[in-house]
Structure formats: structure tokens, C-alpha cells
Amino acid sequence: MSDTSTASEPPVVVGVDGSEHSLRALEWALSAAESLGSPVVVAHVRSDALQLGAARIASLGKEPELPDTVLNAVRTVVEERGHMIPVRYVSLDGSVTDALRAAARGGRLLVTGSRGHGGFMTLLLGSTSRTLAMTAPCPLVVVPHEARAAGASGGPDAGRILLGLHSGETSDEVVAFAFEAAHRRGVPLEAVTAFRFPPQPGALLAAPSPALQVPPPVPEADDPAELIGEAEREQAERLRPFAERWPDVELVPSVVPGDAAGRLVEGSRDAGLVVVGRHHRHRIGSLLIGSVAHAVLHHAHCPVAVVPPAGDTPGT
């Protein structure tokens, strides 16, 4: 069953390869799309062997008729599940990352599993998801294989939204994405800002010689309580316009000393979605997701959304 009124909305694009990881991502994408009122594009990049076979047949002047058995099997899974939104199936050629990136251009979300066929079992994040986290033209959601069975559409079991927030660096697009997700699901939004205390003078190494002795330290102007208070004020100021825009969202501010990635990974155990940002494009044209996003993608226990800043869309 489908509602054609959603066909004009930006789609949720999900990459599949028939693996259990991709089928879990497919289920999450369908649930999210139904909540958003968006159509779904189920995309499968054909194997190199199938692409080569089609090219050889075409070179003989014939129309290649090579069925995409993976996509046909996935179609059966979707139809047996049932869906309330339009679903379109596309077979793609080219490299996996390039093809999915192109398919996601203009999309609302791109959804992938953490690892697909051919990945080493010891790796928690596959190369495709890792590359797309740096280059996807829209927010990317990576669904871990062992993710909590939390629905993407909300409800009492959906789990809160967990936002990794650096008050001076996190872009507006990331914060807005987190608030919108909490609003649609009807769940709390916890904004986590973590910081490290400056090193204490007593932690300095002893000088190797009297000539290199460190002068006595001057009295410290900031104590831990002052540092935490300042961070809390900065976070509150950063979040104020978004809290005013989404007044129904229960905001849980959290300013804690320590490692940001560790806090987010631990919090992901009972969260429904972790939201982190992607760094701006560097002058040399490279893209970075940052150490926090990188660690969260590898170790989170729930789906992770990596949101690009405005205007940071790779050309290819």
C-alpha cells in the first residue's frame, strides 16, 4: 500500500546489498520514511561481474537483460512487510560510494548498514559507510547490525535523541536536524557538550636541569565549577533559538568533563539516534568527519546520523 501524495517529497535513499546489515538499514529507512511522509528509493549497486557482463552484451549490439536478483529479493522483503509510502527500486552501476552518493543527491536521508557483503567481521564500520560519512550530499544514517530494536518513527520505545554539541563548531544544520528528529518522534533531546579541564601545574614533568626549572605557577583564575558554568552558559545560548523554534521538544542539557566520543558512545546504549556533525571542506578539497564522529560511527550501539554543514556538498 502506498500514498502517492508523498511522491513529490525528497526521498529517503537506502543502499542495499542483500546482507543482514543492509536489511536492518532497510527496515530503519522504511520506518523513518513513513514517519517523515517521504518516498523511499531502494538502491542496489550491481556487482562488478554483472556490470561487466552487461557491458559485453551491449557491445554486441544487444539489449542486456540481466536481472538484478539482489534487488528482486529485497523487493519481496519490502512487499511482504508492507509499506504506507511509495517505494522505488533502482539498480546502479559504478563504484558503490559514487553511485549511492549520486542517488542521494537531493534526498532527505541516505541510509546504510554499518557493513555489507565482503567486509571483515572484525570491522565495525565498512569502507562504504565510512566514505559516505565524509562525502554524502545529505544527512547519512548508519544503522549498526546490533542496533537496539528502537523504531525510527517514535513511540515509547524509540529512545531519546543524543546530540553531540560543540558550542563553537557544531553547525546550525546539525542542531536543527536533532531537534526536528526529537519533535517528530516525540522523544527528549539530550545535548551533550564535553570538555577537558586544563592540565594542573603539578602534572608538569620535572625539568631535566636547574637551568630549565619551571617558574612557580601563578594562581589559577578558573576552577572546575567556573569552567563548567561557562560551558553551560555557552551551550544554553547556542541552543536557545532552536528551543524556541521547537518548544514541544523536551531538552536535556548535559555539560560534562571528559571525552565527548566516550560520552556519546555510552549514551547510545539507550538512545534511539545519535546526531553528530561533519567538518567543513578543507582548502585542499578533502572532507573530514572529525575524531568524535569517527569514534561514534565505529562504536555506537544505535543508529548514527552524520549531518553535513550547508554548502558542504562534494561535486562527485
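Since this is a predicted model, take the numbers as computed values, not measurements. (Residues numbered from 1 in each chain as written. Predicted model: local features only at pLDDT ≥ 70, side-chain atom pairs only at ≥ 80, totals over all residues. Heavy atoms only, no water.)

Q: Looking at this structure, how should I read the overall build of the protein?
A: A count of helical and extended segments in the protein gives 9 helices and 10 strands. Per-residue burial for the protein yields a buried fraction of 45% across its 316 residues. For the protein, long-range pairs separated by at least 24 residues make up 80% of all intrachain contacts whose partners lie at least 6 apart in sequence. Approximately 16,300 Å² of the protein is accessible, and the part contributed by carbon and sulfur atoms is 56%. (Helix = DSSP H or I, 4+ residues; strand = E, 2+ residues; numbered from the N terminus. Buried < 20%, exposed > 50% of the residue type's maximum accessible area, 1.4 Å probe, protein only. Contact = heavy atoms within 4.5 Å. Areas by Shrake-Rupley, 256 points an atom, 1.4 Å probe, with all protein chains shown as cover.)

Q: I would appreciate a short explanation of the sheet that holds strand 4 (residues 109-113) in the present structure.
A: Working definition: the strands of a sheet are paired by backbone hydrogen bonds and lie parallel or antiparallel to each other. Pairing within the open sheet is mixed, and its 10 strands lie in the order 3-2-1-4-5-10-9-6-7-8. Because the sheet does not close on itself, it has two edges, and the strands there are strand 3 (87-92) and strand 8 (251-257). The mean angle between the axes of side-by-side strands here comes to 20°, regardless of whether they run parallel or antiparallel. The pairing of strand 1 (residues 12-15) with strand 4 spans 3 bridges and is parallel. From the neighbouring strand, V12 faces strand 4, where its bridge partner is L109. In the packing of helix 4 (residues 96-103) onto the sheet, contacts are made with strand 1, strand 2 (40-45), strand 3 and strand 4, and the angle to strand 2 comes to roughly 160°. (Pairing = 2+ DSSP bridges. Axes fitted to C-alpha atoms, helices over the stretch in contact; angles between N-to-C directions.)

Q: Help me understand the packing of helix 1 (residues 20-36) against helix 3 (residues 69-81), please; the structure alone is not making it clear to me.
A: A pair of packed helices is captured by two measures, namely the crossing angle of their axes and the spacing between those axes. Here helix 1 crosses helix 3 at 45°, and the two axes come no closer than 12 Å. Relative to helix 3, the element helix 1 is oriented oblique. At the point where helix 1 passes helix 3, the crossing takes the right-handed sense. For the pair helix 1 and helix 3, the contacting residues are L23, L26, E27, L30, S31 and E34 in the first and V74, V78 and R81 in the second. (Parallel < 35°, antiparallel > 145°, perpendicular 65-115°, else oblique. Left-handed = near helix turned anticlockwise from the far one by under 90°.)

Q: Just to check I follow, could you spell out the layout of surface pockets for this structure?
A: Rolled over the atoms, a probe with the dimensions of a water molecule shows which regions are left empty. In this structure, the largest pocket spans a volume of roughly 720 Å³. Lining the largest pocket are 34 residues, with L165, H166, E169, T170 and V292 positioned closest to its centre. For the lining of the largest pocket, the elements supplying multiple residues, two or more each, are strand 7 (189-195), helix 7 (224-245), helix 8 (260-267), strand 9 (271-277) and helix 9 (290-299). Its residues assigned to classes, the lining of the largest pocket shows 15 nonpolar, 13 polar and 6 charged. (1 Å grid on protein atoms, 1.4 Å probe; cavity = no way out; pocket = protein on both sides within 12 Å on 5 of 7 lines; lining within 4 Å. Points joined across faces, edges and corners; volume = space filled by probe spheres on them. Nonpolar A, V, L, I, M, F, W, Y, C, P; charged D, E, K, R; others polar.)

Q: I keep staring at the pairing of strand 6 (residues 160-164) and nothing clicks. Help me out?
A: Within strand 6, 5 of the 5 residues are buried, which leaves the element mostly enclosed by the surrounding structure. Burial along strand 6 is two-sided: R160, L162 and G164 and I161 and L163, pointing in opposite directions, are all buried. The pairing of strand 6 with strand 9 spans 4 bridges and is classified as parallel. Residue pairing across strands places R160 opposite A271, the latter belonging to strand 9. Inspection of the sheet shows strand 6 paired to strand 7 by 4 bridges, in the parallel sense. The partner of L162 across the bridge, within strand 7, is E190. On the question of chirality, the crossover connecting strand 6 to the parallel strand 7 by way of helix 6 (residues 172-185) is right-handed. (Right-handed = clockwise from strand over helix to strand, strands pointing away.)

Q: Looking at this structure, I do not really get the environment of P247. What am I missing?
A: Summarising the element assignment, P247 is placed in the loop between helix 7 and strand 8. Looking at P247, the relative accessible area reads 66%, which means it is exposed. Remark: the alpha-carbon pair of P247 and H183, spanning 64 residues in sequence, is separated by 9.1 Å.

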